Amino acid sequence: MSVRDRRGRGMRGPGVMPAWAGGVRSMPARPTRRERFDDIVLAIADAIDCRWERELRSVGSLEYAVEDTPLLPEGWAHDSIPLASMIRATGGRPHRLVLFRRPIEHRAPEREDLEALVFTLVVENVAELLGLPAEDIDPRYQPGDD
């Protein structure tokens, strides 16, 4: 018998119980890291899109996507891994800003740092797309030392 499992029944509680326990709806399952990350991206992207809706429409629409990691070509010789990638519009496809979740989470393990890094990436990429200084996109933007 261990301290963690002193009665021999295994782990129990809302953190480990399934969303449907015993046929009765229990507490909702805790969000995954991916879901929490997606929520951060959506909140930041919605705020930027609302503020710059007209300008973004003038350059074509902008979509946001989250991938776990970037696909790097064989022989990648750079010291760093990309955190985001802007795919420019072609034909009928809109611009697409792809954020790479795992490298971003690796650089910013705390939620506050994660939100700040995602904010910086979105602002910088939208600024580049619109041809404006990042400080104009959102006054909270602080240029980094990276």
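Computed from a predicted model, the values in this text were never measured in an experiment. All residue numbers refer to position in the chain's written sequence, counted from 1. With the structure being a predicted model, the display of local features is reserved for residues of pLDDT at least 70 and the display and counting of side-chain atom pairs for 80 or more, all residues being used for whole-chain, interface and lining totals. In computing side-chain properties, one takes all heavy atoms of the structure into account and sets aside hydrogens as well as water.

Participant: Looking at this structure, I do not really get the layout of surface pockets. What am I missing?
Facilitator: To find leftover empty space, a probe the size of one water molecule is rolled over the atoms. A 1.4 Å probe that fits but cannot get out identifies a cavity on a 1 Å grid over protein atoms alone, an open set with protein on both sides within 12 Å along at least five of seven lines counts as a pocket, and a residue lines either if it has an atom within 4 Å of a point. Grid points are joined across faces, edges and corners, and a volume is the space filled by probe spheres set on the points. In this structure, the second largest pocket occupies an estimated 150 Å³ of space. R33, R36, F37, I40, E105, A108, P109, E110, R111 and L114 are the residues that line the second largest pocket. Those elements giving two or more residues to the lining of the second largest pocket turn out to be α1 (33-51) and α4 (111-130). Labels follow the DSSP assignment, with helices taken as runs of H or I lasting at least four residues and strands as runs of E lasting at least two, numbered in each case from the N terminus. No other element matches α1, which puts 4 residues into the lining of the second largest pocket.

Participant: Sorry if this is basic, but what is going on with the sheet that holds strand β4 (residues 84-87) here?
Facilitator: Backbone-to-backbone hydrogen bonds join strands into a sheet, with any given pair of strands oriented parallel or antiparallel. Spatial ordering of the open sheet is given by β3-β5-β4, a layout of 3 strands whose pairing is mixed. The open sheet terminates on both sides in strands that have one partner only, identified here as β3 (62-67) and β4. Averaged over neighbouring strand pairs, the angle between their axes works out to 20° when direction is ignored. Pairing of β4 with strand β5 (residues 95-100) involves 4 bridges; the strand directions are antiparallel. Its bridge partner being in β5, S85 is matched across the sheet by V98. For two strands to pair, DSSP has to find at least two bridges joining them. Angles shown run from 0 to 180 degrees and are taken between the N-to-C directions of axes, each axis being a line fitted to C-alpha atoms and, for helices, limited to the stretch in contact.

Participant: Can you walk me through the nonpolar core in this structure?
Facilitator: Inside soluble globular proteins, nonpolar side chains tend to come together where they are buried. Definition of nonpolar core: a set of buried residues of the types Ala, Val, Leu, Ile, Met, Phe, Trp, Tyr and Cys, connected through side-chain atoms within 4.5 Å. Note on exposure labels: buried denotes an accessible area under 20% of the residue type's maximum, exposed denotes more than 50%, and partly exposed covers the range between, all computed with a 1.4 Å probe on protein chains only. The biggest cluster of nonpolar side chains holds 29 residues, and the ones touching the most others in it are I48, L99, I104, V118, V122, V126 and I137. Leave out the neighbours within four places in its chain, and I104 touches F37, L83, L99, L114, L117, V118 and L121. Any two residues whose heavy atoms approach within 4.5 Å are treated as being in contact.

Participant: Would you explain the packing of α1 against α4 in this entry?
Facilitator: For any two helices packed against each other, the geometry comes down to the angle between their axes and how far apart the axes lie. Closest axis-to-axis distance for the α1/α4 pair is 10 Å, and the angle between their directions is 45°. Between α1 and α4, the interaxial angle falls into the category oblique. Crossing of α1 against α4: the hand is right-handed. Counting all contacts with α1, which are made through R36, F37, I40, V41, I44 and I48, the residues of α4 involved are R111, L114, E115, V118, F119, V122, V123 and V126. Just so you know the grouping, Ala, Val, Leu, Ile, Met, Phe, Trp, Tyr, Cys and Pro go in nonpolar, Asp, Glu, Lys and Arg go in charged, and all remaining residues, Gly too, go in polar. A class-by-class count of the residues in the contact of α1 with α4 yields 11 nonpolar, no polar and 3 charged. The scheme is simple: roughly parallel for angles under 35 degrees, roughly antiparallel for over 145, roughly perpendicular for 65 to 115, oblique for anything else. Each helix crossing is assigned a hand: it is left-handed if the near helix lies turned anticlockwise from the far helix by less than a right angle, otherwise right-handed if that turn is clockwise.

Participant: How do you make sense of the pattern of salt bridges when you look at a structure like this?
Facilitator: Where side chains of opposite charge bring their charged atoms close, a pairing between them can arise. Salt bridge, as used here, is a side-chain nitrogen of Lys or Arg placed within 4 Å of a carboxyl oxygen of Asp or Glu. Evaluation of the coordinates by the stated rule reveals 10 salt bridges. For R33, the salt bridge identified is with E105, shortest N-O distance 3.8 Å. Here the residue R33 occupies a position in helix α1, and E105 occupies one in helix α3 (residues 101-107), the gap between them amounting to 72 residues. Residue E105 is classed as buried on the basis of its relative accessible area, which comes to 10%. Here the residues in one salt-bridge network are R33, R34, D68, R101 and E105, joined through shared partners.

Participant: In this structure, what is going on with the pairing of β5? I would like to understand it.
Facilitator: Regular strands have side chains that alternate between both faces of the sheet. Of all 6 residues in β5, 5 are buried; the element is thus mostly enclosed. Across 6 bridges, β3 lies against β5 in parallel orientation. Paired with E67 across the two strands is F100, which belongs to β5.

Participant: Looking at this model, I keep getting lost on α4. Mind explaining?
Facilitator: Think of an α-helix as turning once every 3.6 residues; residues three or four places apart then point the same way. For α4, spanning 20 residues, the distance from its first C-alpha to its last is 28 Å, which sits close to the expected 28 Å at 1.5 Å a residue. Looking one or two residues beyond α4, the residue adopting positive phi is G131, at roughly 70°. Helix span, as expected, comes to 1.5 Å for every residue beyond the first.

Participant: Looking at this structure, how should I read the environment of V41?
Facilitator: Structurally, V41 can be placed in helix α1. Linking V41 and L114, residues 73 residues apart in sequence, is a C-alpha distance of 10.0 Å. With near-sequence residues (within four places) excluded, V41 lies in contact with V66, L99 and V118.

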